Amino acid sequence: MKLALTLLLAFAAPSFADLAGSKPNIILVMTDDQGYGQMGCVGHPWLKTPNLDALHSKSLRFTRFLVSPTCSPTRSAIMTGRHDLKNGITHTILERERMTLNATILPQVLKTAGYTSGIFGKWHLGDEDAYQPNQRGFDEAFIHGAGGIGQAYDCSCADAPDNKYMDPAIRHNGRFVKTHGFCTDVFFTAALGWIKQQKDSGKPFFTYIATNAPHGPFIAPEKNAKRFTDLGFAKEQAGFYGMIENIDENMGRLAEKLKEWDLYKNTVVIFMSDNGTTGGGPGAAVGGKEIIPGYPFFNGDQVGLKGSTDEGGVRVPLFIRWDGHITPGRDIKTIAAHIDLLPTFAALANAELPKNQVEGRSLLPLIEDKAGNWEDRFLFTHVARWPTGTEPNTQEFINYGVRNQRFRFVGPRGGQGNARKKQQAATAQPTKGALYDLEADPYQKTDVSADHPDVVQKMSAAYEAYWKEARPLMVNETAPMSPTRPFWEAYDKQAKAGGIPEWTPPAL
C-alpha cells in the first residue's frame, strides 16, 4: 500500500523542480526597434527567421509582454524593476536618458547571489563615467555609446566619433578597441567569448546582449540587404529587414554554441525587443499596404508603432527557454512587463531585492503554472520627450497610457511632430483619450469608455497616484547640457596617448 501511494505521488508531482533559487546562468538578448511582429513565428508572411522560430518553439512565450515606447525607458525599467519615469528617464537624449544613480540595478542585485555579469552592445543609460555599466555592477562591458553607433548630440549623449556599423570602435571595460565586421556579429562574438570563459568558472553568470540593430540608420551586411534589394525593396527597408535576418543568424550561432558547450541544462535564454516596431525603415508609413507587390507590411494583431502608447508601441515578444526546467510551447496571455524581469531573475538566483524600489513581480508562478488567482494590476506608459525646460506636470495628461489585463486606456496625444499626428490619425482617437477592450478589439477601433466609466475612473486614479510618486524622481529635468561628449573626450585622449588597439576576437 505504501509503495502504491509513493508511486501515485511521484506520478502526480510536477516533472520539473521548483525554479526559485535554482541559480541558472541567465542570457538576455534584446533587439532594438524590432517590435513584436517582425518574425516568422508570430505570423510574419515573408521575413525569414528560422533560428528565432526554433527558439519560439522551444520556449515558453508571454504573448502580452509590455515595455516602454522607446529605448532608454525600457532599459531602465529592466535594470531597476520599476517604471521608467521613476528612474529619471524622460527622454533618450539631452541628459534625460541617464538612469538615476540612486538605484540598485540588476547586475548589483544578482551579485548578492554570486553572479558575474557582462553587457554586450547598447547601454543607453548615460555616457558619463558614473553612469557607465562597468561602474554599476557589470564585470564585463563591451558597448557603444549614445542610443546608436555613430550618434552624437549637443550633450553628453554621444558615441565614439565618426563610428560606423561596420568595423565599429567599441568601449571595452572603459578602453576603446577597433573591431572588424558588422556590429551585431561583433557583439555576439564578444558575448560568446565571455560565456566560454565563464562556463567553467563555477559561478553563475548573467549575459546581456543588447543589439543596436535593427535601429536606424538602416544598414545591414551586404549579403543580408541584397536579398531585399534584389526583390525591389528600397535601401532603408532592405537595411531594416536585412538586420533582422542577420540577428536571426546570430541567434543561431548562440544556440549552436550553447548546445556545443552543454549549457542548456543550466542556462535560461530570454529573447525580447525594447519597444514597438519603428516607423522609419520597415515601410510602416504605407499604412499596412504592400511595401512592394506581394510583400505587405506586417505588425501583428495590433495597432501602433514605436513612440506610441497604443498596444503596438509597447508590446514585444518574450521567449523563455530552459531545457528540462521550463515547459516549452506554452503561451501565457497574462500581461507582464519589463519591470518584472529583475524580480524574476532575482527569484531564480535567490538574490536580495533592493528595498522600496521594485514595482514588478516575479513571473515564476506564471512560468511554473502555479499562479492561482493572479491579481490583475495596472501598468503605466508615458511617451515623455517633452521639450527641455518644460515642467513635467504640464505633460501629465497627454501621451500616456494605462493597461490592465483586459483594457488599454490611451490618453490624449500631443506634440511629437508629424509622427505623432500619424499615430493619432491611425486610431482616430478622441482628444479626451479612449478606452479599448483589447480582448474583443485588438486593433483599437472602438472607444468603450462610455460603457465602462468605472474602469476609466479606476485607471485614472491609479495613474494620478503613480505620477505623484514619479514626479519627484524625475531627477534629470533641470540638468544642464554637458559642454563635452565623454566618449569623444575619452577616445581622443586614448588615441593621443597610445592609440586605439585592434580587438582580437575570442576563439570560439
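Residues numbered from 1 in each chain as written. Predicted model: local features only at pLDDT ≥ 70, side-chain atom pairs only at ≥ 80, totals over all residues. Heavy atoms only, no water.

**Let's talk about the overall build of the protein chain**
Applied cut-off: Only runs of H or I of at least four residues qualify as helices and only runs of E of at least two qualify as strands under DSSP, and these elements are numbered from the N terminus. Only C-alpha atoms enter the radius of gyration; for comparison, a globular chain is expected to reach 2.2 Å times N to the power 0.38, where N is the number of residues. Type-normalised accessible area, obtained with a 1.4 Å probe on protein chains alone, sets the label of each residue: buried when under 20%, exposed when over 50%, and partly exposed for intermediate values. Residues count as neighbours in contact if any of their non-hydrogen atoms are within 4.5 Å of one another. The accessible surface values rely on the Shrake-Rupley method and a 1.4 Å probe; as for residues, cover is taken only from the protein chains in view. Charged residues are defined narrowly, with Lys and Arg counted positive, Asp and Glu counted negative, and His plus the chain ends left uncounted. For the purpose of locating charges, the reference atoms are NZ of Lys, CZ of Arg, CG of Asp and CD of Glu.
If you tally the helices and strands in the protein chain, you get 13 helices and 17 strands. Relative to the compact-globule value of 23 Å for 508 residues, the protein chain shows a C-alpha radius of gyration of 22 Å, a close match. By the burial criterion, 58% of the 508 residues in the protein chain qualify as buried. Considering only contacts within the protein chain whose residues lie at least 6 apart along the sequence, 73% involve residues at least 24 apart. As displayed, the protein chain has an accessible area near 19800 Å², and 54% of this comes from carbon and sulfur atoms. Positive and negative side-chain charges in the protein chain, numbering 55 and 55 respectively, have mean positions lying 1 Å apart.

**Details of the side chain of Arg403**
Note the threshold: Contacts described as polar in this section are N or O atom pairs within 3.5 Å, which, within protein, must combine one atom able to donate a hydrogen with one able to accept it, while residues neighboring in sequence count only if both atoms come from side chains.
Here Arg403 shows up in strand S15 (residues 400-403). Residue classification places Arg403 among the buried residues on the basis of a relative accessible area of 2%. Here Gln405 takes part through its backbone oxygen, which lies 2.9 Å from a polar atom of the side chain of Arg403.

**Digging into the side chain of Thr63**
Topologically, Thr63 is positioned in strand S2 (residues 60-66). Since its relative accessible area comes to 16%, Thr63 is described here as buried.

**Topic: empty space enclosed by the protein**
It is the rolling of a water-molecule-sized probe over the atoms that shows where space remains empty. Let me state the cut-off plainly: With a 1 Å grid spanning the protein atoms alone, the term cavity applies to any set of points in which a 1.4 Å probe fits but cannot get out, the term pocket to an open set with protein on both sides within 12 Å along at least five of seven lines, and the term lining residue to any residue with an atom within 4 Å of a point. Grid points are joined across faces, edges and corners, and a volume is the space filled by probe spheres set on the points. Three categories are distinguished: nonpolar for Ala, Val, Leu, Ile, Met, Phe, Trp, Tyr, Cys and Pro, charged for Asp, Glu, Lys and Arg, and polar for the others, with Gly belonging to the last.
For the coordinates displayed, the defined rule picks out three cavities of 30 Å³ or more. Estimates place the volume of the largest cavity at around 80 Å³. Every residue lining the largest cavity is listed: Leu19, Val268, Ile270, Ile320, Ile326, Leu341, Thr344, Phe345, Leu348, Leu363, Leu364 and Ile367. Those elements giving two or more residues to the lining of the largest cavity turn out to be strand S8 (267-273), helix H9 (341-349) and helix H10 (364-367). Among the elements that line the lining of the largest cavity, the one with the most residues is H9, at four residues. Of the residues contributing to the lining of the largest cavity, the split by class is 11 nonpolar, one polar and no charged. Its boundaries defined by the atoms lining it, the second largest cavity holds a volume of some 60 Å³. No other element matches the three residues that strand S14 (residues 379-382) contributes to the lining of the second largest cavity.

**Section: the environment of Pro161**
The topology assignment puts Pro161 in the loop between strand S4 (140-144) and strand S5 (169-172). For Pro161, a relative accessible area of 24% corresponds to the partly exposed category. Along the backbone, Pro161 and Arg485 are 324 residues apart, and their C-alpha atoms lie at a distance of 9.6 Å. Contacts of Pro161, omitting those with residues within four sequence positions, involve Trp488 and Tyr491.

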